[in-house]
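Coordinates in review
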Amino acid sequence: QLAASFNELLTAINQNAEQEREFTSNAAHELRTPIAAIRSHVQLLERRSADHPEIIPRSIHFIGEESLRMQKLVDSLLTLSRADRGTLKLVSFDLTAIVHETIEEERAVLQQPLNVKVATGVQVFGNAESVQQILAAIMENAGKYSPADQPITIELTADTERVQLTIADLGIGITDEDKARIFDRFYRVDSARTREIGGTGLGLAIVAQLVKINQSDIQVMDNHPQGSQFIMTFPPTTSSVETAPK
Ligand code: ADP
C-alpha cells in the first residue's frame with residue numbers, strides 16, 4: 001500500500017513538472033510572436049526608412065501595438081505567479097460596494113449597456129481587491145465576446161445559504177466542450193471570431209486561481225436565449241448576510 005501511494009505521489013509530481021514545462025513553453029511561444037514582429041519592423045526601419053520615410057509611422061505603430069501585447073502578457077504572467085503563491089489576506093468586506101465600484105469602472109470601457117441587479121449590504125469573507133479583479137475580467141470578456149448593443153447583466157443575490165455573483169452576456173456563447181477548458185492556462189477557443197478578437201488565454205486562468213484563493217467557486221453555463229453566464233459562489237456567510245426585517 002505504501003508503494004502504491006508512493007507511485008501515486010511520483011505520478012502527481014511528474015504531471016506537475018510536465019504542466020510547468022508546458023506552461024513555460026507556452027509563455028515563451030506567446031512572447032516570441034510579438035518580439036519577432038518588433039524585430040522585423042526595427043530591421044525594416046534600419047534598412048529602408050532613409051529611402052522610404054513613409055514606412056516610419058506604420059512601423060512605429062506596429063512596434064507600439066506589439067509591445068503593448070507583450071506588456072499585457074507579462075502583467076498577466078506576474079499576476080498569475082502571485083496568485084499561485086496563494087498569499088492574499090482574507091477579511092470580511094462589503095461585496096455590494098465592491099460590485100458597484102467595479103461596475104462603474106467597467107461602464108467606462110464597455111460598449112454594452114449594463115443591467116444591474118445588486119442586493120444591498122452583502123458582506124462576504126475574501127479578498128476585495130481580487131474579487132474586483134475577477135469581476136472586471138469576466139465583465140471585459142462578456143464585452144469582448146458579445147455585440148455592442150446586447151446588454152450584460154450583473155446580478156448579486158444573497159440568502160442564508162449562499163452569496164452568488166452572476167455575469168450574463170448575450171454573446172457568441174461557449175460550447176460544452178470548451179466550457180471544460182476555458183479556465184486552462186493559454187486556452188483560447190479555436191474559432192475565427194475568437195482569433196479576430198485577440199487575447200492571451202490567461203484571463204480566465206487568473207480568474208480560476210483568484211477564485212480558489214477566495215475559497216469560492218466559479219461555474220460557466222449557457223445564458224438564454226444565447227450567450228454565457230459566469231456564476232461565482234462565495235462560501236456561506238450566515239452571520240453577515242443582512243436579512244430583511246419581518
Ligand atoms: P482571452 O484573452 O482569450 O479572452 P480568457 O482566458 O479570458 O482569454 O478566455 C479564454 C477563452 O474563453 C477566450 O479565448 C474565449 O474563447 C472564451 N470566452 C471567455 N469568456 C467568454 C464569453 N463571455 N463568451 C464567449 N466566449 C468566452
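These numbers were taken from a predicted model, which means no experiment stands behind them. (Residues numbered from 1 in each chain as written. Predicted model: local features only at pLDDT ≥ 70, side-chain atom pairs only at ≥ 80, totals over all residues. Heavy atoms only, no water.)

1. Remarks on the site of the ligand
This is how it is decided: The nearness test applies per residue and asks whether one of its heavy atoms lies within 4 Å of the molecule or strand. The term polar contact refers here to a pair of N or O atoms within 3.5 Å; inside protein, the definition further demands a hydrogen-donor-capable atom paired with an acceptor-capable atom, and it admits residues adjacent in sequence only when both atoms are side-chain atoms. In this description a helix means any DSSP run of H or I spanning at least four residues, a strand means any run of E spanning at least two, and both kinds are numbered starting from the N terminus. All amino acids are sorted into three groups, where Ala, Val, Leu, Ile, Met, Phe, Trp, Tyr, Cys and Pro are nonpolar, Asp, Glu, Lys and Arg are charged, and the leftover types, Gly among them, are polar.
Tyr145, Asp169, Arg188, Thr200 and Leu204 are the nearest of the 21 residues found near the ligand. At a separation of 2.9 Å, an oxygen atom of the ligand approaches a polar side-chain atom of asparagine 141. Between the ligand and arginine 188, the relevant distance is 2.4 Å, taken from an oxygen atom to a side-chain nitrogen or oxygen of the residue. No other element matches helix α4 (residues 128-144), which puts three residues into the shell around the ligand. Among the residues making up the shell around the ligand, the classes are represented as 10 nonpolar, eight polar and three charged.

2. Notes on the packing of aromatic side chains
Going by this rule: In summary, the pairing rule links any two rings of Phe, Tyr or Trp, Trp by its six-membered ring, whose centres are within 6.5 Å, and it sorts them by plane angle into stacked for under 30 degrees, edge-to-face for over 60 and tilted for everything else. Charge-over-ring contacts are defined here by two conditions on Lys NZ or Arg CZ: a distance within 6 Å of the ring centre and an angle within 35 degrees of the ring normal.
Counting across every chain of the model gives two aromatic pairs. When the ring of phenylalanine 23 is compared with that of phenylalanine 186, the centres are 5.5 Å apart and the planes differ by 40 degrees; the resulting orientation is tilted. Residue phenylalanine 23 is found in helix α1 (residues 2-48), and its partner phenylalanine 186 is found in the loop between α5 (176-179) and α6 (192-197); the two are separated by 163 residues along the sequence. Centroid distance phenylalanine 183 to phenylalanine 230: 6.2 Å. Interplanar angle 75 degrees. Geometry classified as edge-to-face. In this pair, phenylalanine 183 sits in the loop between α5 and α6 while phenylalanine 230 sits in strand β7 (residues 228-234), placing the two residues 47 residues apart along the sequence. Over the face of the ring belonging to phenylalanine 23 we find arginine 185, whose NZ or CZ atom lies 5.5 Å from the ring centre.

3. With respect to the sheet that holds β7
Rule in force here: Here, any two strands with at least 2 DSSP bridges between them count as paired. Axes here refer to lines fitted to C-alpha atoms; in helices the fit is confined to the stretch in contact. Angles between the N-to-C directions go from 0 to 180 degrees. The contact criterion used is simple: two residues touch if any of their non-hydrogen atoms lie within 4.5 Å.
Strand order in the open sheet made by the five strands is β2-β4-β5-β7-β6, with mixed pairing throughout. Unpaired on one side and paired on the other, β2 (114-118) and β6 (217-222) mark the two borders of the sheet. Between one strand axis and the next, the sheet turns by 15 degrees as a mean value, whatever way the strands run. When strand β4 (residues 152-158) meets strand β5 (residues 163-168), the two strands line up antiparallel, connected through six bridges. Opposite leucine 156, over in β5, you have leucine 165 as the bridge partner. Docked against the sheet, helix α3 (residues 95-107) engages β2, β4, β5 and β7, running at close to 175 degrees with respect to β2.

4. Quick word on the packing of helix α2 (residues 55-85) against helix α7 (residues 203-213)
Stated precisely, the cut-off is as follows: For classification purposes, angles smaller than 35 degrees are called roughly parallel, those larger than 145 roughly antiparallel, those between 65 and 115 roughly perpendicular, and all remaining angles oblique. Left-handed describes a crossing in which the near helix is turned anticlockwise from the far one by less than a right angle; the clockwise case is right-handed.
Axis separation between α2 and α7 bottoms out at 9 Å; the angle between their running directions is 25 degrees. On the basis of the axis angle, α2 is roughly parallel to α7. As for the relative orientation of α2 and α7, their crossing is left-handed in sense. Residues Ser76, Thr79, Leu80, Ala83 and Asp84 of α2 lie in contact with α7, whose contacting residues are Ala205, Ile206, Gln209, Leu210 and Ile213. Grouping the constituent residues of the contact of α2 with α7 by class yields six nonpolar, three polar and one charged.

5. Observations regarding the confidence of the model for the protein chain
Threshold: What pLDDT conveys is the predictor's confidence in a given residue, as a value from 0 to 100.
Of all residues in the protein chain, 95% attain a pLDDT of 70 or more, and the chain-wide mean is 89. Long-range and interchain partners of residues 238-246, a stretch whose pLDDT sits below 50, account for eight contacts in this model, where long-range means more than four residues apart. If you check the scores for this complex, the pTM reads 0.82 and the ipTM reads 0.98.

6. Considerations on the nonpolar core
Which entries qualify depends on this criterion: In this description, a nonpolar core means a group of buried Ala, Val, Leu, Ile, Met, Phe, Trp, Tyr and Cys residues linked to one another through side-chain atoms lying within 4.5 Å. Note on exposure labels: buried denotes an accessible area under 20% of the residue type's maximum, exposed denotes more than 50%, and partly exposed covers the range between, all computed with a 1.4 Å probe on protein chains only.
Leu95, Val99 and Leu165 are the most contacted members of the largest nonpolar core, which totals 44 residues. What leucine 95 contacts, discounting residues up to four positions off in sequence, is Val122, Val124, Val131, Leu156, Val163 and Phe234.

7. Here we look at the pairing of β6
Strand residues, when the strand is regular, have side chains that alternate between the two faces of the sheet. Where β6 lies against β7, six bridges are found, and the strand directions are antiparallel. Bridged to aspartate 222 within β7 is serine 228. Linkage of β6 to β7, two consecutive antiparallel strands, is achieved through a turn of five residues, within which glycine 227 is found at a positive phi near 90 degrees.

8. Here we look at the pattern of salt bridges
Inclusion rule: For this document, the term salt bridge refers to a Lys or Arg side-chain nitrogen within 4 Å of an Asp or Glu carboxyl oxygen.
Going through the model one piece at a time under the given rule, you end up with seven salt bridges. Connected via shared salt-bridge partners are Asp176, Lys179 and Asp222.

9. Things to note about α3
Stated precisely, the cut-off is as follows: Expected span, for any helix, means 1.5 Å times one less than how many residues it has. For this quantity, the arc is that covered by the directions from the helix axis to the C-beta atoms.
Across its 13 residues, α3 extends 18 Å between first and last C-alpha, which sits within 8% of the 18 Å expected from 1.5 Å per residue. Every buried residue belonging to α3 is among Leu95, Thr96, Ile98, Val99, Thr102, Ile103 and Glu106, and all of these are buried. Projected down its long axis, α3 carries its buried residues within an arc of 160 degrees, all on one side. Where α3 begins, one side-chain oxygen reaches toward the backbone nitrogen of threonine 96, 3.2 Å away; that side chain belongs to aspartate 94.

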